[in-house]
There are 4 protein chains.
Amino acid sequence: MRVNLEARAAAAEQRKAQTRERLLEAAVAMIGEKGPDACSIEDFVAAAGVSRGTFYNYFPTAESLLHAVRLKIVASLTAVLDARLPKTMPACERLATRLHSYQVTVSRDAAWGWMMLRLDGSRLERTPALEASLDEMFRAGVAQGHFRNMDPAAARTLIFGTSRMLQRDVLMGLSDPAHGIEVIALLLTACGLPHDQAMDVSRRGAALAQEIQDAADAS
Amino acid sequence: MRVNLEARAAAAEQRKAQTRERLLEAAVAMIGEKGPDACSIEDFVAAAGVSRGTFYNYFPTAESLLHAVRLKIVASLTAVLDARLPKTMPACERLATRLHSYQVTVSRDAAWGWMMLRLDGSRLERTPALEASLDEMFRAGVAQGHFRNMDPAAARTLIFGTSRMLQRDVLMGLSDPAHGIEVIALLLTACGLPHDQAMDVSRRGAALAQEIQDAADAS
Amino acid sequence: MRVNLEARAAAAEQRKAQTRERLLEAAVAMIGEKGPDACSIEDFVAAAGVSRGTFYNYFPTAESLLHAVRLKIVASLTAVLDARLPKTMPACERLATRLHSYQVTVSRDAAWGWMMLRLDGSRLERTPALEASLDEMFRAGVAQGHFRNMDPAAARTLIFGTSRMLQRDVLMGLSDPAHGIEVIALLLTACGLPHDQAMDVSRRGAALAQEIQDAADAS
Amino acid sequence: MRVNLEARAAAAEQRKAQTRERLLEAAVAMIGEKGPDACSIEDFVAAAGVSRGTFYNYFPTAESLLHAVRLKIVASLTAVLDARLPKTMPACERLATRLHSYQVTVSRDAAWGWMMLRLDGSRLERTPALEASLDEMFRAGVAQGHFRNMDPAAARTLIFGTSRMLQRDVLMGLSDPAHGIEVIALLLTACGLPHDQAMDVSRRGAALAQEIQDAADAS
DNA sequence: TATGAATGAGAGTTCATTCAT
DNA sequence: CATGAATGAACTCTCATTCAT
């Protein structure tokens, strides 16, 4: 009996989690399509294939679903990349690789990319976890003598703003590979790297990001 | 009789233009208050003091009103500034001044700043007129030997993205004057100016922008 | 032109008043049928033959419609009767006639009667205007030596409570004419009239109420 | 084995009865709080601490739960009182005591009082068991020479209606003890008792009702 | 042209009810 | 029997849009 009840409860838990997951995935798709503001609860449930009422068993408002989507994404985003990059890699290369890697992900999954762009579009929100990790790379770059010593807040504004705008170029099909390489090289230049070195680092970062993505696809 | 009819027609024209103007101004106010997505036609007509039906004599949809608002604003923005800057000013200084000038305007009128930020929020749209004018400054800077010769598209991505993000910093109160100066200096650095010169130019641009704004306030 | 505009405005006013009236009448019918709590806005607009949205041009909530219905009814109720009864009539006769008259109205228009019963059913609310007019009749009856001198509050409780319950008997078809006459005679008895006189007065009141109603129907 | 099965069945019976009881008690509490119309099944099961589905094992609809609540209450009400009143008490005293006793209960537990008032609110329903017991008291009163011989239906209308209205006075805090005594004396007067005797009987009934309540509280 | 009453599609939300476990 | 996730009908309210005046 005991086992039976436990197994039953576990199965129920799993089914709940599945429904929740379907709602989250549907939200990613819908947000990418129409933007977060134009999405209605009706849209979400239709895309997820559940009934209107079911929505409210999982989220009290549409807003709270968007919030859950953000949390889920940010968590998955940093984890994947950090695991693949060698610890000894110089900060400027790490930064370039991460920025390129983000653009590769965006170009692979445009729906996801649009969603990310629009999710915080109207507020230009920045995720604290990402800011912290960016600051750390920046400090390391200064210590390694590659970056000029300056206010990290200025670097954040430059990098977040430019990266978002590059993402938009990619999604609109305005960006060939060379464009991305040049834009990210400009960021490194602004941070203090000589421009020709910056171009080299950006190129290597682009190649590495592609490689990582291909490896992930293969597995 | 002829005169009478003409006068009458002219008066009618003027009334029309006035009504349209009131709708545009009401829209600026409402968008700054609630954001473009939350504004209903009801909001616009109530703020403008005209009736529901009248709206449709001027704009077919709410969207088209927003579009008209953008056009009007961009036109006034560039006109004001170009008139004040000497033609002989080097392109890098001109660019710095324009970027600072925009931030000064934003910090003077936060409602307006929020409206601009949200108006094209989720699409990160760029106004063609601004792109063209930016390209021209960039070309001039290259010709004058201040900017590195590179793809103007990369510069656009860098400058538009960073400028928007800086605007957001200002609106959120996260930005002291030094922050703005440093961020814009980084843009100039990325474009090819040595960093210490870039800081000088950015500082002068900030001062000049402030001066222009004060002069405008005084008049 | 002036006349035209005024006439136009007046016509518009009248149409508005008609729509409002249709909603009020529909409300009377629906409340009588289902009770005020079970009535949805959907019910009201369907019964009135207007669209959902129109409702909100007239009343912000269903509650406010109910309120308007009450106001309208109470105003019409007292006015009609007072005009018909001679000023010199003794208070006990006036009271009997009014109570019978109310029951006659109820039996003529059951929907209206149910609505009145249910409108304040759950709260047993009493209309201040009616309380005041009842108090006055009671005082007059004491002065005329027909009623015992006692707390008017007790008389109010007795008369309102019994009258409502009699109304319910009538609506449920449990009441023949003799029942109503006896119940109202009991009220007069409780107020101090000897029982045989009370029966006479109640009988005369019933006849008079019927007469007044017939006259109203004829006109 | 046999014993085991029987014991098990008995235990199951008891659990069932307990769950049903918890639902009934939860219903009393919720109805007192929000009124019967505003109560959802969700409210009932949450207050009773059982699951949604369980509700339907005991009651087919929310309505039927309300009905069961009424029955339970009326049964307990009459049982308690009848046990305490001497059989030899004259009918008029018994009636006065019962009416006062009800008001005492109401003033002790306002939530319960509101629930009773609203439970049959808009229909002014009367419980057959109470009607029968009232008729019997009335017949006895006639036989004992205290009440006038008249249609019991008229007496029922008078007594039920007035008693409900008095209950409302009490719940709204509009009633001091003297008010209740006078109202119930008026009922007795209407039934045929001379008014001064009626006041005496009503006073004694009030005292006795209070006494019974105090005794119940003490035990 | 200006008006504003009327419209009805559609959004958010609640809740009685079902049913697999 | 108990559970609670899923369902979908019903409800309130908003708002873009139409149209007679």
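Note that the structure is a prediction, hence the values are computed from the model and not measured. (Residues numbered from 1 in each chain as written. Chains lettered and ligands numbered in written order. Predicted model: local features only at pLDDT ≥ 70, side-chain atom pairs only at ≥ 80, totals over all residues. Heavy atoms only, no water.)

Q: When you look at the overall build of chain A in this model, what are you seeing that I'm missing?
A: When you go through chain A residue by residue, the secondary structure sums to ten helices and zero strands. Along chain A, from the amino end to the carboxyl end, the secondary structure elements read α-α-α-α-α-α-α-α-α-α. Across its three principal directions, the C-alpha atoms of chain A cover 65 × 40 × 35 Å. Taking all 219 residues of chain A together, 52% fall into the buried category. Across chain A, every contact between residues at least 6 apart in sequence was considered, and the portion connecting residues at least 24 apart equals 67%. Summing over all exposed atoms, chain A offers an accessible surface of approximately 10,700 Å²; the carbon and sulfur share of this is 55%. Averaging the positions of the 25 positive and the 26 negative side-chain charges in chain A gives two centres separated by 5 Å. (Helix = DSSP H or I, 4+ residues; strand = E, 2+ residues; numbered from the N terminus. Buried < 20%, exposed > 50% of the residue type's maximum accessible area, 1.4 Å probe, protein only. Contact = heavy atoms within 4.5 Å. Areas by Shrake-Rupley, 256 points an atom, 1.4 Å probe, with all protein chains shown as cover. Lys, Arg positive; Asp, Glu negative; His and termini not counted. Charge placed at Lys NZ, Arg CZ, Asp CG, Glu CD.)

Q: It is not clear to me how the relation of the copies chain B and chain A should be interpreted in this structure. Could you clarify?
A: When chain B is fitted to chain A, the best match, at an RMSD of 0.8 Å, comes from turning it 178° and sliding it 0.3 Å along the axis. On this basis, the relationship between the two copies can be described by a two-fold rotation axis. Most of the interface of chain B is mirrored in chain A, where 97% of its interface residues again form contacts. (Least-squares fit on C-alpha atoms with pLDDT ≥ 70 in both.)

Q: When you look at helix H6 (residues 110-119) of chain C in this model, what are you seeing that I'm missing?
A: Each full turn of the α-helix corresponds to 3.6 residues, which orients residues three or four apart in the same direction. Most of H6(C) sits out of view: eight of its ten residues are buried. Buried residues of H6(C): C:Trp112, C:Gly113, C:Trp114, C:Met115, C:Met116, C:Leu117, C:Arg118 and C:Leu119, and no others.

Q: Just to check I follow, could you spell out the domain arrangement of chain A for this structure?
A: Bring the parts together and some accessible area is lost; that lost area is often taken as the interface size. Residues and elements named next belong to chain A. Domains assigned within chain A are domain 1 (1-69) and domain 2 (85-219). For domain 1 and domain 2, the distance between their C-alpha centres works out to 32 Å. With ten residues of domain 1 in contact, the opposing surface of domain 2 contributes seven residues. Of the roughly 620 Å² buried at the junction of domain 1 and domain 2 (both faces included), carbon and sulfur atoms supply 71%. Among the residues domain 1 hides against domain 2, the three largest losses belong to Val28, Gly32 and Pro36. Together they make up 51% of the total. At the boundary of domain 1 with domain 2, the tally comes to zero salt bridges. Linking domain 1 with domain 2 are zero residue pairs in polar contact (both at pLDDT 80 or more). (Domains from an automatic or database assignment. Buried area = accessible area lost by both parts, 1.4 Å probe. Salt bridge = Lys/Arg side-chain N within 4 Å of Asp/Glu carboxyl O. Polar contact = N/O pair within 3.5 Å; in protein donor to acceptor, adjacent residues only side chain to side chain.)

Q: Sorry if this is basic, but what is going on with the nonpolar core here?
A: Inside soluble globular proteins, nonpolar side chains tend to come together where they are buried. Ranked by size, the top nonpolar core spans 91 residues in total, and within it A:Phe44 and A:Val69 carry the most contacts. What A:Phe44 contacts, discounting residues up to four positions off in sequence, is A:Leu23, A:Ala26, A:Ala27, A:Met30, A:Ile31, A:Cys39, A:Phe55, A:Ala62, A:Leu65 and A:Leu66. One finds C:Phe138, D:Val183, D:Leu188 and D:Ala206 within the second-largest nonpolar core, a separate group that totals 60 residues. (Core = buried A, V, L, I, M, F, W, Y, C linked by side-chain atoms within 4.5 Å.)

Q: For this particular structure, what's the right way to read helix H4 (residues 62-84) of chain A?
A: Across its 23 residues, H4(A) extends 35 Å between first and last C-alpha, which sits within 8% of the 33 Å expected from 1.5 Å per residue. Residues of H4(A) that are buried include every one of A:Leu65, A:Leu66, A:Ala68, A:Val69, A:Arg70, A:Ile73, A:Val74 and A:Leu81, and no others. (Expected span 1.5 Å × (residues − 1).)

Q: When you look at the side chain of B:Arg94 in this model, what are you seeing that I'm missing?
A: Residues and elements named next belong to chain B. Summarising the element assignment, Arg94 is placed in helix H5 (residues 91-108). Given a relative accessible area of 18%, Arg94 falls into the buried group. Among residues more than four places away in sequence, those in contact with Arg94 are Asp82, Leu85, Pro86, Lys87, Met89 and Met137.

Q: Whenever I open this one, the side chain of B:His195 confuses me. Can you help?
A: Checked against the element boundaries, B:His195 lands in helix H10 (residues 195-218). At a separation of 3.5 Å, a polar atom in the side chain of B:His195 contacts the side chain of A:Arg148.

Q: Explanation requested: the relation of the copies chain D and chain C in the structure shown.
A: Both copies of the chain are tied together by a single rotation about an axis and a shift running along it. Of the transformation placing chain D onto chain C, the axial shift is 0.2 Å and the rotation is 178°, giving an RMSD of 1.0 Å. In this assembly, 97% of the residues forming the interface of chain D have copies in chain C that are likewise at the interface, indicating an isologous arrangement.

Q: Would you mind going over the protein's contact with DNA strand E with me for this structure?
A: Neighbouring DNA strand E are 31 residues; A:Arg52, B:Thr54, C:Thr19, C:Thr54 and C:Tyr58 lie closest to it. Near the protein, within 4 Å, the atoms of DNA strand E are sugar or phosphate in 62% of cases. Separating a phosphate oxygen of DNA strand E from a side-chain N or O atom of B:Asn57 is a distance of 3.2 Å. Secondary structure elements with two or more residues in the surface near DNA strand E: helix H2 (41-48) and helix H3 (52-58) of chain A, helix H1 (2-34) and helix H3 (52-58) of chain B, helix H1 (2-34) and helix H3 (52-58) of chain C together with helix H2 (41-48) and helix H3 (52-58) of chain D. Residue composition of the surface near DNA strand E, by class: ten nonpolar, twelve polar and nine charged. (Near = heavy atom within 4 Å. Nonpolar A, V, L, I, M, F, W, Y, C, P; charged D, E, K, R; others polar.)

Q: It is not clear to me how the protein's contact with DNA strand F should be interpreted in this structure. Could you clarify?
A: The environment of DNA strand F is formed by 30 residues, the closest being A:Thr19, A:Thr54, A:Tyr58, C:Arg52 and D:Lys16. When atoms of DNA strand F within 4 Å of the protein are split into backbone and base, the sugar-phosphate part holds 64%. Interatomic distance of 2.8 Å between a side-chain N/O atom of A:Thr54 and a phosphate oxygen of DNA strand F. With respect to DNA strand F, the side chain of B:Arg52 contributes an N or O atom lying 3.5 Å from a base oxygen.

Q: Sorry if this is basic, but what is going on with the interface of chain D and chain C here?
A: The interface of chain D with chain C comprises 35 residues on the first partner and 34 residues on the second. Both faces considered, chain D and chain C share a buried interface measuring about 3,100 Å² in area, 63% of it formed by carbon and sulfur atoms. At the junction of chain D and chain C, the tally comes to zero salt bridges. Connecting chain D to chain C are six residue pairs in polar contact (both at pLDDT 80 or more). Mapped by element, the contributors of at least two residues to the side of chain D that touches chain C are helix H6 (110-119), helix H8 (152-171) and helix H9 (177-191) of chain D.

Q: Teacher, can you tell me more about the interface of chain B and chain A here?
A: Each side of the interface is counted separately: chain B has 35 residues, and chain A has 34 residues. Between chain B and chain A, the buried area comes to about 3,100 Å², and carbon and sulfur atoms account for 63% of it. Across the chain B-chain A interface, the total number found is zero salt bridges. The tally of links from chain B across to chain A stands at seven residue pairs in polar contact (both at pLDDT 80 or more).

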